[in-house]
Amino acid sequence: MGRLKYYQPEYECMDYEQLKELQGKRLAETFRHVYENVEYYRKRCEEAGVTPDDIKGLEDLDKIPFTCKDDLRATYPYGLFAVPKEKVVRIHASSGTTGKQIVVGYTKEDLDIWDDCAARQLVAVGADENDIVQVAYGYGLFTGGFGLHGGATKLGCQVIPISSGNTQRQITFMKDLRSTVLACTPSYAAYLGEALHDMGLTPDDICLKAGIFGAEPWTEEMRRDIEKSLGIKAYDIYGLTEVLGPGVSYECAEQKGMHVNEDHFIVETIDPETGKRLPEGSKGELVFTAITKRAFPLMRFRTKDIGVLTREKCACGRTFVRMTKPMGRTDDMLIIRGVNVFPSQIEGVLLQNGYQANYQIIVGRENNTDTFEIKVEMVPEKFSDVVSEIEKEEKKLQNALLNILQVKAKVTLVAPKTIARSEGKAKRVIDTRKLHD
Ligand code: ADP
Ligand code: ZN
């Protein structure tokens, strides 16, 4: 463990009643700021009959209209910015996983908030100024690289801004520069674990102790695999470009969900169909309201990520609400022959059956019926070139998948290392049905 227990205990361990008061006050101020400076959103509020005088505290949250991804597209590029151009010092854009560009901005103070949020995550995994942080998230418009970079710099760590890619050099630097914390996507962490072993090294040859992995869904099974292959504890971090970038919520040493930085963001879960707020503990769409940022503070932003919130006491001492790992976005969900399928469910089954997260989901349509194939890489232990053996394994996996998904998939085992590895967010689904949308 590092020297520090918390980065900002005055917030991270805040009394809940005080926190609610702070959130209410900040919400009222930020709502007014957005109302007065963003014409597009003011019109939305006028239609809903809400003015800043109606928003006095947290109890008025429900009156505030939602914002969604389409609003960002409709106002591209600057339509939702709430400060004059000269106050904006940084632009980021979504990595376009779901195909559409959106642009966000930050003031100097906003970047400071972001650094604090990311620094809280680093301290929560045991880091302090003695640590060497290898930032292997992509640097650029994607928020991953700069987000962790800012937090680690603010905390006083030594930062290696290596960005993603160049996998062998990553391992060489990790070893020679004695990195202690690795930050990247979980799929890249898995790849780095594999590369380490391929280079004839073991976790004993490196100094890594913790990893901060996020920006895409990953399973508990994958966490265990990464922890083993790199000899570390692997932590989850959540964020999204629209709201901040990495550091909206962060995992502590308990590894039981991510604490939302509630002094900066109000989180709710809603029923995605009705838009109604759900009680704590129910699974729903996560909605965030930024209450301290100034350049791009979205009100009640619908993330399409599905999660569960809990205020159960956490043994780490932080009082911020925790959210579960999002199991996937509503727009990642595949509907195959009428059944809802999340890629994360498939990954869970594969890892439970001794495979790794090297797979590809191929969905198409033939004769008006959906086709559904999962290509899975054989692992060296199970490698066989006896056709009957392979077929037996495929059948076994197929049944295990059917059990969980309730829809039949064709399983094809392919030779080790034939499915392309990812250096950023993994793209595991090929859905040709959507090509003609
Ligand atoms: P894009 O929308 O182009 O993928 P973002 O980087 O903004 O770009 O992606 C944010 C999304 O990534 C979130 O809405 C969520 O779906 C996913 N995500 C981020 N962190 C995690 C995480 N720790 N676990 C699961 N999903 C995550
Ligand atoms: Zn905790």
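Each chain has its residues counted from 1, running along the sequence as written. Labels follow written order: the first chain is A, the first ligand is 1, and so on. Owing to the predicted nature of the model, reporting of local features is limited to residues with pLDDT of at least 70; listing and counting of side-chain atom pairs is limited to 80 or more, with chain, interface and lining totals taken over all residues. Only heavy atoms go into the side-chain values, all of them from the structure, while hydrogens and water stay out.

A. Representation of the overall build of the protein chain in the model. A run of H or I in DSSP becomes a helix once it reaches four residues, and a run of E becomes a strand once it reaches two; helices and strands are each numbered from the N terminus. If you tally the helices and strands in the protein chain, you get eleven helices and 20 strands. Against the globule reference of 22 Å for 437 residues, the protein chain gives a C-alpha radius of gyration of 22 Å, in line with a compact fold. Along the three orthogonal principal directions, the C-alpha set of the protein chain runs to about 75 × 55 × 40 Å. When accessible area is computed with a 1.4 Å probe and restricted to protein chains, residues below 20% of their type maximum are described as buried, those above 50% as exposed, and intermediate ones as partly exposed. Buried residues in the protein chain amount to 55% of all 437 residues. Of the contacts formed within the protein chain by residues at least 6 apart in sequence, a portion of 66% connects residues at least 24 apart. Surface accessibility follows the Shrake-Rupley procedure with a 1.4 Å probe radius. Residue values consider only the protein chains on display as shielding. For the protein chain, the accessible area works out to roughly 19200 Å², and carbon and sulfur atoms hold 50% of it. Our radius of gyration is a C-alpha quantity, and the globule rule it is checked against amounts to 2.2 Å times the number of residues to the power 0.38. Residues count as neighbours in contact if any of their non-hydrogen atoms are within 4.5 Å of one another.

B. Quick peek at the coordination of the zinc ion (ligand 2). Only N, O and S atoms count as donors, using a 2.8 Å cut-off from the metal and 3.2 Å for Na, K and Ca, and because water is excluded some sites may appear unfinished. Around the zinc ion (ligand 2), the protein contributes the donor atoms Cys252 (SG), His259 (NE2), Cys314 (SG) and Cys316 (SG), which lie 2.1 to 2.3 Å from the metal centre. Four donors are marked tetrahedral only if all angles between them lie between 85 and 135 degrees, whereas four are marked square planar and six octahedral if opposite donors are more than 155 degrees apart and the other angles lie between 65 and 115; the remainder are marked irregular. Given four donor atoms and angles of 103 to 113° at the metal, the environment of the zinc ion (ligand 2) is assigned as tetrahedral. Mapping the donors of the zinc ion (ligand 2) onto the primary sequence gives the spacing C-x6-H-x54-C-x1-C. Across the pair, Cys316 and Cys314 agree in class, each one buried.

C. Inspection of the state of the cysteines at higher detail. Cysteine sulfurs are considered disulfide-paired once they come within 2.5 Å of each other. As enumerated under the stated definition, the model contains zero disulfides in all. Just so you know, Cys45 is unpaired, no disulfide at all, and the nearest cysteine sulfur is the one on Cys68, 14 Å from it.

D. How the structure looks around the pairing of strand β6 (residues 210-214). Burial runs high along β6: five of the five residues are buried. Of the two faces of β6, the one holding Ala210, Ile212 and Gly214 and the one holding Gly211 and Phe213 are both buried throughout. Here the rule is simple: two strands pair whenever DSSP picks up at least two bridges between them. Pairing of strand β5 (residues 181-184) with β6 involves four bridges; the strand directions are parallel. Bridge pairing links Cys184 to Phe213 in β6. The crossover handedness rule: strands pointing away from the viewer, path from first strand over the helix to second strand clockwise, crossover right-handed. Taking the sense of rotation as the criterion, the β-α-β connection linking β5, helix α8 (residues 186-198) and β6 turns out right-handed.

E. Just unusual backbone geometry, in detail. Between Tyr76 and Pro77 the backbone carries a cis peptide bond, its omega angle lying at 0°. Even without glycine at this site, Asn166 takes up a positive phi of about 55°. For Asn166, a relative accessible area of 45% gives the class partly exposed. A positive phi angle, near 70°, is found at Lys304, a position not held by glycine.

F. Structural context of the domain arrangement of the protein chain. Segmenting the protein chain into domains produces domain 1 (9-329) and domain 2 (333-431). Where a domain begins and ends is set by an automatic assignment or by a domain database. The gap between the C-alpha centroids of domain 1 and domain 2 is 30 Å. By buried area we mean how much accessible surface two parts lose on assembly, using a 1.4 Å probe and totalling the loss over both. When domain 1 packs against domain 2, the two sides together hide about 1700 Å² of surface, and 52% of this comes from carbon and sulfur. Area buried by domain 1 at its contact with domain 2 is led by Glu194, Glu221 and Met327, which between them contribute 27% of it. Basic side-chain nitrogens of Lys or Arg form a salt bridge, by our definition, when they fall within 4 Å of a carboxyl oxygen of Asp or Glu. At the boundary of domain 1 with domain 2, the tally comes to three salt bridges. Ionic pairing is found between Arg421 and Glu194, a salt bridge with its closest N-O pair at 2.7 Å. Contributing elements (two or more residues each) for the side of domain 1 that touches domain 2: α8 and α9 (220-230). With five residues, α8 is the single largest residue contributor to the side of domain 1 that touches domain 2. Following the grouping adopted for this structure description, the nonpolar residues are Ala, Val, Leu, Ile, Met, Phe, Trp, Tyr, Cys and Pro, the charged ones are Asp, Glu, Lys and Arg, and the polar ones are all others, Gly among them. Grouping the constituent residues of the side of domain 1 that touches domain 2 by class yields eight nonpolar, ten polar and six charged.

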